[in-house]
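# Geometric and topological summary
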Amino acid sequence: MPSLGRAFTFLWSSTALSNVADGVLKVGAPLLAVSMTRSPTQVSLVGAAVTLPWLLFALHAGAIADRTDRRRIMVLANAARAGVLVLGGVLALSGALDLWGMLTILLISGVSEVFADTSAQSVLPMTVPANRLTAANGRVVSAQMIGNEFLGSPLAGFLVTLLPVAVLGAPALLYGAAGVLLLGMRGDYAPRPTRPRASTEESAENGAAGGAPQLAREGAEDVPREGARESTEDYAREGALESIESAREGVREGAQEGAQDDVREGTSQGAREGAQAGAQEGAKESSREGTEEGSHEGTEEGSREGTPEDTWGGARERTGKSAQPARAGGLGRDIREALRYLWAHRFLRTLAISAGMLNTASAAYFGVLVLWLVGPGSRVGLAPEGYGLMMSALAVGSVAGSLVAERLTGMLGEGRTLLVAWLVSALLYLVPVLVPVAWVLYPTAVLWGVAGGAGNVLVVSIRQRVIPSTLLGRVNSAYRLVGMGGMPVGAALGGVLGEIAGLPAVFLGAAGVALAAVGLVWRVARGPISMPLTSDHSVRRTSASV
């Protein structure tokens, strides 16, 4: 497996360690809670303490990630997690830790996790070339799955039996080590208002036309001949508009500077000189931006991205050009800008809504699936250890799917791979209902994992490629809030519907919702490639409001 560079290696290693710690806490914290209380309501608060920070702080974490060095945020977040868990371990060792103290510790650790994970997704595109994003995300997702499911969870059971206090102490050491590893990522990882460029090696390898994003490979035969020319004209027009605006700003700034000089020096010469200097500077900026970005980038990007996936890759270029880094003026304004951007971006908006539908359906489905599969009164009659084996098969499939995502993308293209992955996941919901046989569940679980793992990697990679770096943290957080916010609702609806109409109604309903989500994505992924995903007017309004 080829190396993706020093910075990514340290990032990946840190991610792997922190996810082992996550796995220990995910299993170990409820086990500790059970030793403190037998109340189902109080035990359920453990899960709420871990997930609540995502609903409360996700948008703020994204806004902060767009304002400062993302690696520094991750280092501080890991240090905070390690520190609070060390405190919890000391309290547990002294016998002073009760349920409410543990919930407080988990809540603080959960807030730190929100900041660490948000910054991790935003910093990854800064460590690898754009054409290796899918490979990089595949390795990260596989490390997360292995750390959580295959290492952290079994380790938690062992630690609870051996030394319960180690359930808090071991993750503290792992988070601390993860933070130290991040120090090996040399350089500044604050977002920059620059357009991503293909690396020299990538350009040499792929050539002038092949340097386009992976998205551009799909349906090349269907590209209209006018695509490149229209894209070139679009960028030229954008450059001309920007040059006019730049000249106006130059005149205004020059006039203001001249007015200040006039007040200081008691003469109107300052205003005239300031206006002239501002106009000249604006003209220079307009020449550079209008000619270089409007004509050169229009020709380069138009010939390269006037392809079927111009609706995906080109959207990043158009929206990213106008995006500015988060500035002082309040997190609220930064968050509103991210929400406007997500809503104005047709593909990202549709993808977020579809992901929300899929996650809601998944929460409803898997929340009651155990009742259909396990126990003497169930439809399948699976033993508890058989259910655990099925979940392990699903985890194995997820690791495999995340690792083969790049190869599948090379064969089918990102659009088709994503559609196939989500379609397979939706159709597999029907298998336990139509074929309620125990041995069928294991290959079904593997396929579930492969489809889910590959789809996960593709969605993250697409977001990182489409969203400008200066907005990545905020828009990612807004996306995840939309995409994951329905999971508690789905779990509750699944239980209610199962009580009223029976479990098959839950499974069939979840499959129907998932298929509808696939249909939504199909509309934007397979639509006319010359249609931009984001209205230029909407983008300008969003940028102007910064």
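Treat the numbers as computed from the prediction; the structure is a model and nothing was measured.

Attention shifts here to the overall build of the protein chain. A count of helices and strands for the protein chain gives 20 helices and zero strands. The burial tally for the protein chain puts 49% of its 546 residues in the buried class. Sequence separation of 24 or more characterises 87% of the internal contacts of the protein chain that already satisfy a separation of 6 or more. In the structure as shown, the protein chain presents an accessible area of about 24300 Å², 64% of it carried by carbon and sulfur atoms.

Quick look at the environment of Glu414 now. Examined against the element boundaries, Glu414 turns out to sit in helix 14 (residues 414–428). Here the alpha-carbon distance between Glu414 and Gly455, two residues 41 residues apart in the chain, equals 9.5 Å.

Inspection of the entire model under this criterion finds eight aromatic pairs. Geometrically, the ring pair formed by Tyr365 and Phe366 is edge-to-face, given 5.2 Å between the ring centres and 65° between the ring planes. You can call Tyr365 buried: its relative accessible area is 0%. Phe366 gets classed as partly exposed once you look at its relative accessible area, which sits at 26%. These aromatic residues form a ring-pair network of at least three members: Tyr365, Phe366, Trp372, Tyr429, Trp448 and Phe507.

Mean pLDDT over the protein chain works out to 74, with 71% of the residues at or above the 70 mark. Note on residues 194–247: pLDDT under 50 across the span, and 92 contacts to partners over four residues away in sequence or across chains. Below pLDDT 50 for its whole length, residues 257–275 participates in twelve contacts with residues either more than four positions away or in separate chains.

To continue, consider the environment of Arg416. Among the secondary structure elements, Arg416 is positioned in helix 14. Its relative accessible area of 32% is what places Arg416 among the partly exposed residues. Remark: the alpha-carbon pair of Arg416 and Ala525, spanning 109 residues in sequence, is separated by 8.2 Å.

Together, Leu52, Leu55, Leu56, Phe57 and Leu107 give the surface a local cluster of nonpolar side chains, amounting to about 420 Å² of exposed area. One can find Phe57 in helix 2 (residues 40–65).

The geometry of helix 13 (residues 384–412) relative to helix 14 is characterised by a closest axis approach of 7 Å and an angle of 115° between their N-to-C directions. Of the two elements, helix 13 crosses helix 14, and the hand of that crossing is right-handed. Taking contact as the criterion, the partners of Leu408, Thr409 and Leu412 in helix 13 are, on helix 14, Glu414, Arg416 and Thr417. Classifying every residue of the contact of helix 13 with helix 14 gives two nonpolar, two polar and two charged.

Now for the side chain of Asp69. Mapped onto the elements of the fold, Asp69 is located in the loop between helix 2 and helix 3 (70–93). Despite its burial, Asp69 pairs with no opposite charge, the nearest such side chain being Arg72 at 4.3 Å. Side-chain polar atoms of Asp69 contact the backbone nitrogen of Arg71, separated by 2.9 Å. Setting aside anything within four residues of it in sequence, one finds Asp69 in contact with Gly187, Asp188, Tyr189 and Ala190.

When the terminal C-alpha atoms of helix 4 (residues 99–123) are compared, their 36 Å separation across 25 residues agrees well with the 36 Å that a helix rising 1.5 Å per residue should span. By the criterion of burial, helix 4 is predominantly enclosed, with 18 of the 25 residues buried.

Going through the model one piece at a time under the given rule, you end up with nine salt bridges. One salt bridge in this structure joins Arg81 and Asp22, with 3.7 Å as the shortest N-O distance. With Arg81 in helix 3 and Asp22 in helix 1 (residues 6–36), this residue pair connects regions lying 59 residues apart in the sequence. Asp334 is paired through a salt bridge with Arg474; the nearest N and O atoms lie 3.9 Å apart. Within this pair, whereas Asp334 is found in helix 11 (residues 331–344), its partner Arg474 is found in helix 17 (residues 472–484), the two being separated by 140 residues in sequence. Across the pair, exposure class does not vary: Asp334 and Arg474 are buried alike. One salt-bridge network, in which partners are shared between bridges, spans Asp66, Arg67, Arg70, Asp334, Glu337 and Arg474.

We now examine the packing of helix 13 against helix 16 (residues 438–466). At a minimum axis distance of 5 Å, the contact between helix 13 and helix 16 shows a crossing angle of 40°. The angle between helix 13 and helix 16 places the two elements in the oblique class. In the crossing of helix 13 with helix 16, the sense of the turn from one axis to the other is right-handed.

Here the focus is the environment of Ala178. Tracing the sequence through the fold places Ala178 in helix 6 (residues 166–182). Overall, Ala178 belongs to the buried group, its relative accessible area being 0%. With 163 residues separating them along the chain, Ala178 and Thr15 place their C-alpha atoms 7.0 Å apart. Contacts of Ala178, omitting those with residues within four sequence positions, involve Ser14, Leu17, Ser18 and Asn78.

Turning to the nonpolar core, a few remarks are in order. Leu351, Leu373, Leu418, Trp422 and Phe507 are the most contacted members of the largest nonpolar core, which totals 57 residues. No other element matches helix 12 (residues 346–373), which puts 13 residues into this core. Those residues within four positions of Leu418 in sequence are excluded, and the remaining contacts are Leu351, Gly455, Leu458, Val459, Ile462 and Val521. Membership of the second largest hydrophobic core comes to 26 residues, among which are Leu85, Ile105, Leu106 and Leu159.

This part covers helix 6. With 17 residues, helix 6 ought to run about 24 Å at 1.5 Å a step, and its terminal C-alpha atoms sit 24 Å apart, in line with that. Taken together, the buried positions of helix 6 are Ala166, Val167, Leu168, Pro171, Ala172, Leu174, Tyr175, Ala178, Gly179 and Leu182. In the core, the buried residues of helix 6 are packed alongside helix 1, helix 3 and helix 5 (133–162).

The rules behind the values
- Residues numbered from 1 in each chain as written.
- Predicted model: local features only at pLDDT ≥ 70, side-chain atom pairs only at ≥ 80, totals over all residues.
- Heavy atoms only, no water.
- Helix = DSSP H or I, 4+ residues; strand = E, 2+ residues; numbered from the N terminus.
- Buried < 20%, exposed > 50% of the residue type's maximum accessible area, 1.4 Å probe, protein only.
- Contact = heavy atoms within 4.5 Å.
- Areas by Shrake-Rupley, 256 points an atom, 1.4 Å probe, with all protein chains shown as cover.
- Phe/Tyr/Trp six-rings, centres within 6.5 Å; stacked < 30°, edge-to-face > 60°.
- pLDDT = per-residue confidence, 0-100.
- Patch = residues over 30% accessible without salt bridge, like charges linked within 9 Å, V, L, I, M, F, W, Y side chains within 5 Å.
- Salt bridge = Lys/Arg side-chain N within 4 Å of Asp/Glu carboxyl O.
- Axes fitted to C-alpha atoms, helices over the stretch in contact; angles between N-to-C directions.
- Left-handed = near helix turned anticlockwise from the far one by under 90°.
- Nonpolar A, V, L, I, M, F, W, Y, C, P; charged D, E, K, R; others polar.
- Lys, Arg positive; Asp, Glu negative; His and termini not counted.
- Polar contact = N/O pair within 3.5 Å; in protein donor to acceptor, adjacent residues only side chain to side chain.
- Expected span 1.5 Å × (residues − 1).
- Parallel < 35°, antiparallel > 145°, perpendicular 65-115°, else oblique.
- Core = buried A, V, L, I, M, F, W, Y, C linked by side-chain atoms within 4.5 Å.

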